[in-house]
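Summary of structural features
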Amino acid sequence: MTGPDITICTVEATGPQHEQRQRTRRVFSAWVTSAPSKVITLFVQVIAIPIVYRSLGPGQFAAYAAVTAVVSILTFFNLGMGGALVTPLARAAAHGDRRREASLLSSTLFPIIALAATGLAIALPLLSVLSLQTLFGLGATGTPGSALRAAAVLACVGTVIAIPLSVVESVRQAYQETHVNNLLGALSNALLLVGLLLASRLEPTLPAFVAVTAFAPVLVRILNATLLFHRRPYLLSS
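Reading the values: rules and limits
Residues numbered from 1 in each chain as written. Predicted model: local features only at pLDDT ≥ 70, side-chain atom pairs only at ≥ 80, totals over all residues. Heavy atoms only, no water. Helix = DSSP H or I, 4+ residues; strand = E, 2+ residues; numbered from the N terminus. Buried < 20%, exposed > 50% of the residue type's maximum accessible area, 1.4 Å probe, protein only. Contact = heavy atoms within 4.5 Å. pLDDT = per-residue confidence, 0-100. Axes fitted to C-alpha atoms, helices over the stretch in contact; angles between N-to-C directions. Parallel < 35°, antiparallel > 145°, perpendicular 65-115°, else oblique. Left-handed = near helix turned anticlockwise from the far one by under 90°. Nonpolar A, V, L, I, M, F, W, Y, C, P; charged D, E, K, R; others polar.

**Things to note about the overall build of the protein chain**
- Along the protein chain, the regular secondary structure elements total nine helices and zero strands.
- Of the regular secondary structure in the protein chain, the N- to C-terminal order runs α-α-α-α-α-α-α-α-α.
- Taking all 238 residues of the protein chain together, the buried fraction comes to 40%.
- Considering only intrachain contacts with a sequence separation of at least 6, the fraction spanning at least 24 residues in the protein chain is 79%.

Printed below as a string of C-alpha cells:
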C-alpha cells in the first residue's frame, strides 16, 4: 500500500494541476512585481536628469544626451534574436528537453556575442578617428574633446556588453520568470540612481556620469545571468 500511495502523491505533485498552479503563481508574481518596477523606473527618470543637468551644466549635459543617444544605436546588433528565442525555448522547457534548451540558448547567444564583438570592433576605431562634431553635432561644442571621447568609449563598451546579456531576460520570459526581470529591473534603476548621486558628489564629470549610466544596468544583468545559470547549469552544457 505504501508504494502505490507514494507513486500517486508524486504524480499529483508533478501533474498538470501542479503545473497550472505554478503558471498561475508566476503570472501573479509578474503582475505584482511590475508595479514597483515601473514606479522606481519613473522615479529614476524624474530624478536622474536634474542630477546630471545640475552637475554638468547645459553644455556638457547636451554632450551626455548626445553620447547616450548615439551609442544606443549599437543595440541594433541584437537583431531581435533574443525575442525570437522565447517561444521555442518555452516549448522545449514544457517538454522537459534540457538538451534542446541548452542548444537553443547557445545557438542564439553565440551569434549575438559575435555580432556584438563585431560592432565593438567597428565602433571603437571610429570613435578614435572621427571628428567629435561629426559624431555628436552641437553636443560636442561645449565639452573638452578628451572627456567627450572617453565618455563615448565608455558608453560604447557598456552598451555592447549589455547586448548578449539581454538574452537572459528573454530566457527568463520563456521560463515564465518575468517577476525576476521586474525585480532586477527595479534593482538596476535603484543602482543607477545611487550611482548618479555618488557621481554628482564625488566625480561630477561627463565620463563619470556616462560610466554610471552604461555600466549600472550591466552589473545587474550579470547578476541575472549568474542566478539563471546557477539554478540551471545544464544550459551551459551544450
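**A look at the environment of Pro144**
- For Pro144, the location among the structural elements is in the loop between helix H5 (132-136) and helix H6 (145-165).
- Among the residues examined, Pro144 registers a relative accessible area of 48% and is labelled partly exposed.
- Put simply, Pro144 and Leu206 are 62 residues apart on the chain and 9.7 Å apart in space, counted from C-alpha to C-alpha.

**Examining the confidence of the model for the protein chain**
- Looking at the protein chain, the pLDDT average stands at 83 and 84% of residues meet or exceed 70.
- Within the protein chain, no element has a lower average pLDDT than helix H1 (residues 2-13), which sits at 41, and none a higher one than helix H9 (residues 206-231), at 95.

**Quick look at the packing of helix H3 (residues 81-94) against helix H7 (residues 167-174)**
- Between H3 and H7, the shortest axis-to-axis distance is 8 Å and the interhelical angle comes to 30°. By the angle between their directions, the pair H3 and H7 is classed as roughly parallel. Considering the relative orientation of H3 and H7, their crossing is right-handed. Residues Gly82, Gly83, Leu85, Val86, Leu89 and Ala90 of H3 lie in contact with H7, whose contacting residues are Val167, Ser170, Val171, Gln173 and Ala174.
- Tallied by class, the residues present in the contact of H3 with H7 amount to seven nonpolar, four polar and no charged.

**Quick look at the packing of H3 against helix H4 (residues 98-129)**
- Contact pair H3 / H4: the axes reach a minimum separation of 9 Å and the direction vectors enclose 170°. Overall, the two elements H3 and H4 adopt an arrangement that is roughly antiparallel. Contact residues: H3 offers Met81, Gly82, Leu85, Pro88, Leu89, Ala92 and Ala93, while H4 offers Arg100, Glu101, Leu104, Leu105, Ser107, Thr108, Pro111, Ile112 and Leu115.
- In terms of residue class, the contact of H3 with H4 is built from eleven nonpolar, three polar and two charged.

**Re the environment of Ala186**
- Summarising the element assignment, Ala186 is placed in helix H8 (residues 178-202).
- Once the C-alpha coordinates of Ala186 and Val44 are considered, the two residues, 142 residues apart in sequence, prove to be 9.8 Å apart.

**Description of H7**
- The buried fraction of H7 is high, at six of eight residues.
- Every buried residue of H7 is listed here: Val167, Val168, Ser170, Val171, Arg172 and Ala174.
- Taken from the residues just after H7, Gln176 is the one with a positive phi, measuring 60°.

**Focus on the environment of Leu154**
- As for its position among the elements, Leu154 is in helix H6.
- We classify Leu154 as partly exposed; its relative accessible area is 28%.
- Sequence spacing of Leu154 and Phe215 is 61 residues, and the spatial spacing of their C-alpha atoms is 8.6 Å.
- Ignoring anything within four residues of it in the chain, the contact list for Leu154 reads Pro207, Ala211, Ala214 and Phe215.

**Regarding unusual backbone geometry**
- With a phi close to 60°, Gln176 is a non-glycine residue in the positive phi region.
- Mapped onto the elements, Gln176 comes out in the loop between H7 and H8.
- The exposure class assigned to Gln176 is partly exposed, which follows from its relative accessible area of 32%.

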